[in-house]
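For reference, the chains in residue letters:
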Amino acid sequence: MARALKVEAAETATIMKAGVVTGKDFIAILEHAKANEYAIPAVNCTMSPVTNACLEAAKEANAPMMIQFSNGGGIYNIGKGIKNEADQKASIAGTIAGALHVRAVADFYGVPIILHTDHCAKKLLPWFDGLVEANEDYFQKYGEPLFTSHMLDLSEESMEENLDICKTYLKRMAAIDCFLEMEIGITGGEEDGVDNSDVDASELYSTPEEIYQVYTELNTVAPGMFSIAAAFGNVHGVYKPGNVKLTPEILGNAQKFICEKEGITDTTKPVYFVFHGGSGSTREEIREAIGYGVIKMNIDTDTQWSFWDGVREYVANNEAYLQGQIGNPEGDDKPNKNKYDPRAWMRCAELATVKRLMIAYEDLNAVGACAK
Ligand SMILES: [Zn+2]
C-alpha cells in the first residue's frame, strides 16, 4: 500500500526539483536518497544568516538541504522583544517568517530545499496547530503547503496517545500533501530546553515491534507520508563518550521485521528513518545508519559551534581593529567601520558554517547528490 504513493512519485514527480519541494517531489527525493544511500542534513535555523549558510552549503554540495525551525527557533526569529505566550502566537509568526524567507530566496540556489519544523511536544501543540493552519491557507492559494513537513514528538506520552494524536494530524496534513515525522522512544541529552539526560537507558532504544506498530497504523492513514524518529541510543548534544551506545542495527532489524511481517519483497527498507542527535557521531556510525534506511540527519550542536567559531576566529584576527570606532595599529585617526560592520563578522560565521556543513554532506554520503 505504501508503494502506491512512491510509484506515483516516481512517475509524475520532478526528480530533484530545485527550490522548496513538497508532496510527491519530496517523496521522490526520499526515494532517490534511499536508492543512492545518502541522507539529507536537517539543520536547525534561528536567523537568516544561519539559513543562508545552509542554502549556500547546499548549492556548493549540489545536494538537497532541510531547513528546520524548532519552537525556540521561531521565538528567536520573531525577535526576543516579543513575548511568546501559551497560545504560541509569537513562535508561530516567527516560524512562518523563517519559512517565507526561504520561499523567497530558495530558487536562487538551484537545489531542492525542504522546509521542516523540529520537535513538538504535547504542550506545544498550539504551535503545531498554527503551522498546519498556515499550510492550509498556503495550499488554498498555491496548491501546496508552506512547509514540506513537520515533526510531532509525543514520545513522552503513552504509545496509544502518541499514535492517536499523530494519526489525527497526519490525516489533516496528508490532505494538503504535508509530510509527518513522528518520534517514538526518547532521544537522550538536551536540546531547545528539553532535557532528557536522566531518563532510563531502556527508553533510549526502540524495539522492532514498536516500529512495526507505528508503521502499520500510520500507513492506514497516509501511506508513505511519514518518517519515524526511532530511538537507537542517539543523544542530542556533544558529550564525552559515556554509557549510551549508538546502536543503528536496531533500525536494520526493524526493517527486516516489517518486511517479513508484511511480506514486502520489492524493498528491504520500507521505513523512512530519521537520525536525531547526529552531532558527535562518527562517519562510520552515520553511514551504517544510512544503510538501514536513515534518509535525514539532524544537525544543531555542530553548526551552533561552527557559527560561533567563525566569529571567534574573526575577533582573534582583528582584535586591534575592534576596540573602538576610530583608532587602530595603522593610526589613532583610522576608522574601523569595515571591521565592525555586522556583515564582516557575520560573514565569517556563515563561511565557517558552510565549511562544517560540507563535512556533514560528506558524512552523509550526499556530496553531488543532485547529479547521482
Ligand atoms: Zn531531535
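Residues numbered from 1 in each chain as written. Predicted model: local features only at pLDDT ≥ 70, side-chain atom pairs only at ≥ 80, totals over all residues. Heavy atoms only, no water.

Peer 1: Would you explain the overall build of the protein in this entry?
Peer 2: For the protein, the count of helices and strands is 13 helices and 14 strands. The C-alpha atoms of the protein give a radius of gyration of 21 Å, which matches the 21 Å a tight globule of 372 residues would have. Across its three principal directions, the C-alpha atoms of the protein cover 80 × 50 × 45 Å. Look at the contacts in the protein between residues 6 or more apart in sequence, and 70% of them connect residues 24 or more apart. Counting only carbon and sulfur atoms, one obtains 52% of the accessible surface of the protein, whose full area is about 16,300 Å². (Helix = DSSP H or I, 4+ residues; strand = E, 2+ residues; numbered from the N terminus. Rg over C-alpha atoms; globule rule 2.2 N^0.38 Å. Contact = heavy atoms within 4.5 Å. Areas by Shrake-Rupley, 256 points an atom, 1.4 Å probe, with all protein chains shown as cover.)

Peer 1: Help me out: how do you make sense of the coordination of the zinc ion in this one?
Peer 2: Each donor-metal-donor angle would ideally measure 109.5 degrees in four-coordinate tetrahedral geometry, or 90 or 180 degrees in six-coordinate octahedral geometry. Listed as protein donors to the zinc ion are His119 (NE2), His236 (NE2) and His276 (ND1); their distances from the metal cover 2.0 to 2.1 Å. Each donor residue of the zinc ion belongs to the same chain, and together they define the spacing H-x116-H-x39-H. Of this pair, His236 sits in strand β10 (residues 235–236) while His276 sits in the loop between β11 (273–275) and α10 (283–291), placing them 40 residues apart in sequence. With respect to burial, His236 and His276 carry one shared label: buried. (Donors = N, O, S within 2.8 Å, 3.2 Å for Na, K, Ca; no water. Buried < 20%, exposed > 50% of the residue type's maximum accessible area, 1.4 Å probe, protein only.)

Peer 1: Even after reading the chapter, I still don't get the pairing of strand β2 (residues 40–44), so can you show me in this structure?
Peer 2: It is a general feature of regular strands that their side chains alternate between the two faces of the sheet. Where burial is concerned, most of β2 is hidden: five out of the five residues are buried. Burial of β2 is two-sided: the residues Ile40, Ala42 and Asn44 facing one way and the residues Pro41 and Val43 facing the other way are all buried. Summarising the sheet, β2 and strand β12 (residues 294–299) pair through four bridges and their orientation is parallel. Looking at the pairing, Ala42 lines up with Asn298 of β12. Note that β2 and strand β3 (residues 65–69) share three bridges and pair parallel. Residue pairing across strands places Asn44 opposite Gln68, the latter belonging to β3. (Pairing = 2+ DSSP bridges.)

Peer 1: Before we go on, may I ask you to explain a negative patch on the surface in this structure?
Peer 2: Residues Glu190, Asp192, Asp195 and Asp198 make up a contiguous surface patch of negative charge. If you trace the backbone, Asp198 turns up in the loop between β8 (194–195) and α8 (208–221). (Patch = residues over 30% accessible without salt bridge, like charges linked within 9 Å, V, L, I, M, F, W, Y side chains within 5 Å. Salt bridge = Lys/Arg side-chain N within 4 Å of Asp/Glu carboxyl O. Lys, Arg positive; Asp, Glu negative; His and termini not counted. Charge placed at Lys NZ, Arg CZ, Asp CG, Glu CD.)

Peer 1: What is the right way to look at the environment of Phe273 in this model?
Peer 2: Structurally, Phe273 is set in strand β11. In the structure, Phe273 is positioned 23 residues away from Lys296 in sequence and 7.3 Å away in space, judged by C-alpha atoms. Discounting residues that sit within four places of it in the chain, Phe273 has contacts with Ile211, Ile228, Ala230, Leu251, Ala254, Gln255, Tyr292, Gly293, Val294, Ile295 and Lys296.

Peer 1: What should I look at first to understand the pattern of salt bridges in this one?
Peer 2: Any two side chains of opposite charge can pair, so long as their charged atoms come close to each other. Taken as a whole and judged by the stated rule, the model has 13 salt bridges. One salt bridge in this structure joins Glu144 and Arg103, with 3.0 Å as the shortest N-O distance. Of the two residues, Glu144 sits in the loop between α6 (125–142) and β5 (149–152) while Arg103 sits in helix α5 (residues 89–105), which places them 41 residues apart along the sequence. Judged by its relative accessible area of 18%, Arg103 falls in the buried class. A salt bridge links Lys296 to Glu181; the shortest N-O distance between them is 2.5 Å. Remark: Glu181 occurs in strand β6 (residues 179–183) and Lys296 occurs in strand β12; sequence separation between them is 115 residues. Both residues of the pair, Lys296 and Glu181, count as buried.

Peer 1: Looking at this model, I keep getting lost on the environment of Glu285. Mind explaining?
Peer 2: Structurally, the position occupied by Glu285 is in helix α10. Assessed through its relative accessible area of 26%, Glu285 is described here as partly exposed. Separated by 39 residues in sequence, Glu285 and Leu246 have C-alpha atoms that sit 7.8 Å apart.

Peer 1: Help me understand the side chain of Ser149, please; the structure alone is not making it clear to me.
Peer 2: Tracing the sequence through the fold places Ser149 in strand β5. Owing to a relative accessible area of 2%, Ser149 belongs among the buried residues under this scheme. Filtering out sequence-adjacent residues up to four positions away, Ser149 remains in contact with Leu115, His116, Thr117, Cys178 and Phe179.

Peer 1: What is the right way to read the nonpolar core from this model?
Peer 2: The nonpolar side chains of a soluble globular protein tend to be buried with one another. Judged by nonpolar contacts, the single largest core of 105 residues is most densely connected at Ile67 and Ile228. Ignoring sequence-local partners within four residues, the contact set of Ile228 consists of Met182, Ile184, Ile211, Val214, Tyr215, Val271, Tyr272, Phe273 and Val274. (Core = buried A, V, L, I, M, F, W, Y, C linked by side-chain atoms within 4.5 Å.)

Peer 1: Just to check I follow, could you spell out the packing of helix α11 (residues 301–318) against helix α13 (residues 342–363) for this structure?
Peer 2: Packed helices, taken two at a time, are described by their axes: the angle between them and the distance between them. At a closest axis distance of 7 Å, the pairing of α11 and α13 adopts a crossing angle of 135°. Overall, the two elements α11 and α13 adopt an arrangement that is oblique. Seen from above, α11 lies across α13 with right-handed handedness. Taking contact as the criterion, the partners of Asp302, Thr303, Ser306, Phe307, Gly310, Val311 and Tyr314 in α11 are, on α13, Ala344, Trp345, Met346, Cys348, Ala349, Glu350, Ala352, Thr353, Arg356 and Leu357. The residue inventory of the contact of α11 with α13, partitioned by class, reads ten nonpolar, four polar and three charged. (Axes fitted to C-alpha atoms, helices over the stretch in contact; angles between N-to-C directions. Parallel < 35°, antiparallel > 145°, perpendicular 65-115°, else oblique. Left-handed = near helix turned anticlockwise from the far one by under 90°. Nonpolar A, V, L, I, M, F, W, Y, C, P; charged D, E, K, R; others polar.)

Peer 1: Looking at this model, I keep getting lost on the environment of Tyr321. Mind explaining?
Peer 2: With respect to the secondary-structure elements, Tyr321 resides in the loop between α11 and β13 (326–328). Beyond its immediate stretch of four places on either side in the chain, Tyr321 contacts Asn328, Pro329, Glu330, Asn336 and Lys339.

Peer 1: Sorry if this is basic, but what is going on with the packing of aromatic side chains here?
Peer 2: Any pair of aromatic rings gets described here by the distance separating the centres and the angle formed by the planes. According to the stated counting rule, one finds seven aromatic pairs in the structure shown. An angle of 75° between the planes, with centres 5.0 Å apart, marks the rings of Phe128 and Tyr169 as edge-to-face. Here Phe128 is found in helix α6, whereas its partner Tyr169 is found in helix α7 (residues 159–174), with 41 residues between them in sequence. Residue classification places Tyr169 among the buried residues on the basis of a relative accessible area of 11%. Plain terms: the ring middles of Tyr212 and Phe257 are 5.7 Å apart, the flat faces sit at 80° to each other, and that makes the pair edge-to-face. Placement of Tyr212 in helix α8 and of Phe257 in helix α9 (residues 249–262) is noted, with a sequence separation of 45 residues between them. When sorted by exposure, Tyr212 lands in the same class as Phe257, which is buried. Counting every residue linked through ring pairs, the aromatic cluster contains Phe26, Phe179 and Tyr272. (Phe/Tyr/Trp six-rings, centres within 6.5 Å; stacked < 30°, edge-to-face > 60°.)

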